Number of protein chains: 2
Amino acid sequence: MSTTGIPAQLGRRRITSRAELEHVAFELFDRQGFEGTTIDDIAVAAGIGRRTFFRYFPSKNDVPWGNFEDELDRMRGWLAACPPQWPLMDAIRLAIVDFNKVPPEDERWHRRRMQLILGVPVLQAHSTLRYAEWRQVIADFVAERTGHPCDGLLPQTVAYAMLGVAIAAYEQWLQDDHGNLSELLDTAMRDLAAAFGDGLPLRVEPGR
Amino acid sequence: MSTTGIPAQLGRRRITSRAELEHVAFELFDRQGFEGTTIDDIAVAAGIGRRTFFRYFPSKNDVPWGNFEDELDRMRGWLAACPPQWPLMDAIRLAIVDFNKVPPEDERWHRRRMQLILGVPVLQAHSTLRYAEWRQVIADFVAERTGHPCDGLLPQTVAYAMLGVAIAAYEQWLQDDHGNLSELLDTAMRDLAAAFGDGLPLRVEPGR
DNA sequence: TGACCTTTGGCACTGAGTGCCTTTAGTGTC
DNA sequence: GACACTAAAGGCACTCAGTGCCAAAGGTCA
């Protein structure tokens, strides 16, 4: 019998959660590396069956992704709410910066997560599939603003390019323990615009 | 005994070639789909051992990639040879268009290849790893031209963005049996530049 | 013929992911 | 308390990709 107003869920209760499995798994990844950790390792460490693991995550590759869907909803909402008079690319730039804002207490965890996703080849590959949803959010926005179909060349091009910019900024962020992600994303977007704008406006430091 | 001036190679002769395996595999992919084709299928069809397959390709995912390395060398050469007074992004645009020029007789094969790479999720994912080399060619060029380090934010951002543009153009090309790849690549690059240039210069057709 | 070299491919193994089916831990009802 | 009902858990067996090891095959040259 349920004493709360919430209707009690039928059937056996879930024994663990994505978040808990994520923690257990990350612990192992830290010690043994991603490739060096088997699903069995994770299942044993979490005290569940191997088969059960796959009821929480479709694959080992999805573990580092947490609740990406929810984040996407946030970005979608942000773009929908942004004033229509803002220039298209400015809106996108601000959306991307906002989307990737992380509360300071979560920063360490976010770093760990992204270090895996962008550092481990298998995950790097797998990420392409997850990014598709992210790109579609941008593409839909561009489509709506420009009147192009959302699978048309322009919206897709902008979406793909913006994803690239974001990834490049993330990689820089991971290279430096004290880098500022928001700044990097903003700079990357502006640099690309500048590169298109007037030839080579940027000969800053000696390269190699 | 060798009658030609070419020194005969020592040891057992290779029994097949990447190109031949590629052909055999594509045949099967057409009939059974990529996922529906096992390495065993390919090996049997090619009359070789399963183990031998892996001496020609590091993985099933690499089969559709043909001789990508050689193509990359071509693009590298093109960029190295391009007049230094050309504006950076124009040079890159032309390099990308040139890199993706395919002789008419190879177009059908190239379509098949790209349909796999961009259409099958596993391959889509795997492609990320192959694209890394492509990106580096662009990044190195940008680095040299701008004086930034080649793993710096600007070169990497441009490289990632350009890759995105190219993929978006390819996807459009695959959607239409008679599309012109060079035109699409060129348009995609210019569209992105325009999007950065002046807000929304492009409200062309009704979207949805 | 025999020394030498390289490719081939068989065998056994690991590890991811899946389908099927039983068990377990909950619910509400009589 | 016994019962039907429900959903999660997880065991089992299987497929398939990929790898390490090693012996056999097919070439060269002296």
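What you see is a predicted model; the values in this text were computed from it and never measured.

Visitor: Whenever I open this one, the protein's contact with DNA strand D confuses me. Can you help?
Guide: Residues in contact with DNA strand D amount to 28 residues; listed here are only the nearest, Ile15, Arg55 and Tyr56 of chain A together with Arg50 and Arg51 of chain B. For DNA strand D, the backbone portion of the atoms within 4 Å of the protein, that is sugar and phosphate, comes to 58%. Here a base oxygen of DNA strand D and a side-chain polar atom of Arg55 of chain A are 2.5 Å apart. Here a phosphate oxygen of DNA strand D and a backbone polar atom of Ile39 of chain B are 3.3 Å apart. Of all the elements in the fold, those that place two or more residues in the surface near DNA strand D are α3 (50-56) of chain A together with α3 (50-56) of chain B. A total of 4 residues in the surface near DNA strand D trace back to one element, the largest contributor, which is α3 of chain A.

Visitor: Quick question: what am I supposed to make of the protein's contact with DNA strand C here?
Guide: Surveying the vicinity of DNA strand C reveals 26 residues, the closest of which are Arg50 and Arg51 of chain A together with Ile15, Arg55 and Tyr56 of chain B. In DNA strand C, atoms within 4 Å of the protein come from the sugar-phosphate backbone in 60% of cases. Note that a base nitrogen of DNA strand C is positioned 2.5 Å from one of the side-chain N or O atoms of Arg50 of chain A. Elements that contribute at least two residues to the surface near DNA strand C include exactly α3 of chain A together with α3 of chain B. Broken down by element, the surface near DNA strand C gets its largest block of residues, 4 residues, from α3 of chain B.

Visitor: Can you help me understand the nonpolar core in this one?
Guide: Generally speaking, nonpolar side chains in soluble globular proteins are found buried as a group. By size, the foremost hydrophobic cluster in this structure holds 96 residues, and its most contacted members are Trp134 and Met162 of chain A together with Trp134 and Met162 of chain B. In this structure, Met162 of chain A is in contact with Met89, Ile92, Ile96, Trp134, Ile138, Met189 and Leu192 of chain A together with Phe196 of chain B, ignoring residues within four places of it in sequence.

Visitor: Sorry if this is basic, but what is going on with the relation of the copies chain A and chain B here?
Guide: The relation between the two chain copies is a rotation about an axis coupled with a shift along that axis. When chain A is fitted to chain B, the residual RMSD is 0.1 Å, and the transformation amounts to a turn of 180° plus an axial shift of 0.0 Å. As the rotation angle and translation indicate, the two copies are arranged about a two-fold axis. When the interface residues of chain A are mapped onto chain B, 98% of them are again interface residues, pointing to one common binding face.

Visitor: Would you mind going over the domain arrangement of chain A with me for this structure?
Guide: Where interface size is given, it is often the accessible area lost as the parts come together that is meant. All names here are of chain A. When the domains of chain A are assigned, the result is domain 1 (3-59) and domain 2 (67-196). Taking only C-alpha atoms into account, the centre of domain 1 sits 29 Å from that of domain 2. Interface area, domain 1 with domain 2, both sides summed: about 840 Å², of which 63% is carbon and sulfur. When residues of domain 1 are sorted by the area they lose upon contact with domain 2, Glu22, Phe26 and Phe34 head the list and together hold 56% of the total. We note a salt bridge from Arg113 to Glu22, for which the minimum N-O separation is 3.1 Å. At the junction of domain 1 and domain 2, the tally comes to 3 residue pairs in polar contact (both at pLDDT 80 or more). Looking at the side of domain 1 that touches domain 2 residue by residue, the classes come out as 3 nonpolar, 2 polar and 5 charged.

Analysis parameters
Residues numbered from 1 in each chain as written. Chains lettered and ligands numbered in written order. Predicted model: local features only at pLDDT ≥ 70, side-chain atom pairs only at ≥ 80, totals over all residues. Heavy atoms only, no water. Near = heavy atom within 4 Å. Polar contact = N/O pair within 3.5 Å; in protein donor to acceptor, adjacent residues only side chain to side chain. Helix = DSSP H or I, 4+ residues; strand = E, 2+ residues; numbered from the N terminus. Core = buried A, V, L, I, M, F, W, Y, C linked by side-chain atoms within 4.5 Å. Buried < 20%, exposed > 50% of the residue type's maximum accessible area, 1.4 Å probe, protein only. Contact = heavy atoms within 4.5 Å. Least-squares fit on C-alpha atoms with pLDDT ≥ 70 in both. Domains from an automatic or database assignment. Buried area = accessible area lost by both parts, 1.4 Å probe. Salt bridge = Lys/Arg side-chain N within 4 Å of Asp/Glu carboxyl O. Nonpolar A, V, L, I, M, F, W, Y, C, P; charged D, E, K, R; others polar.

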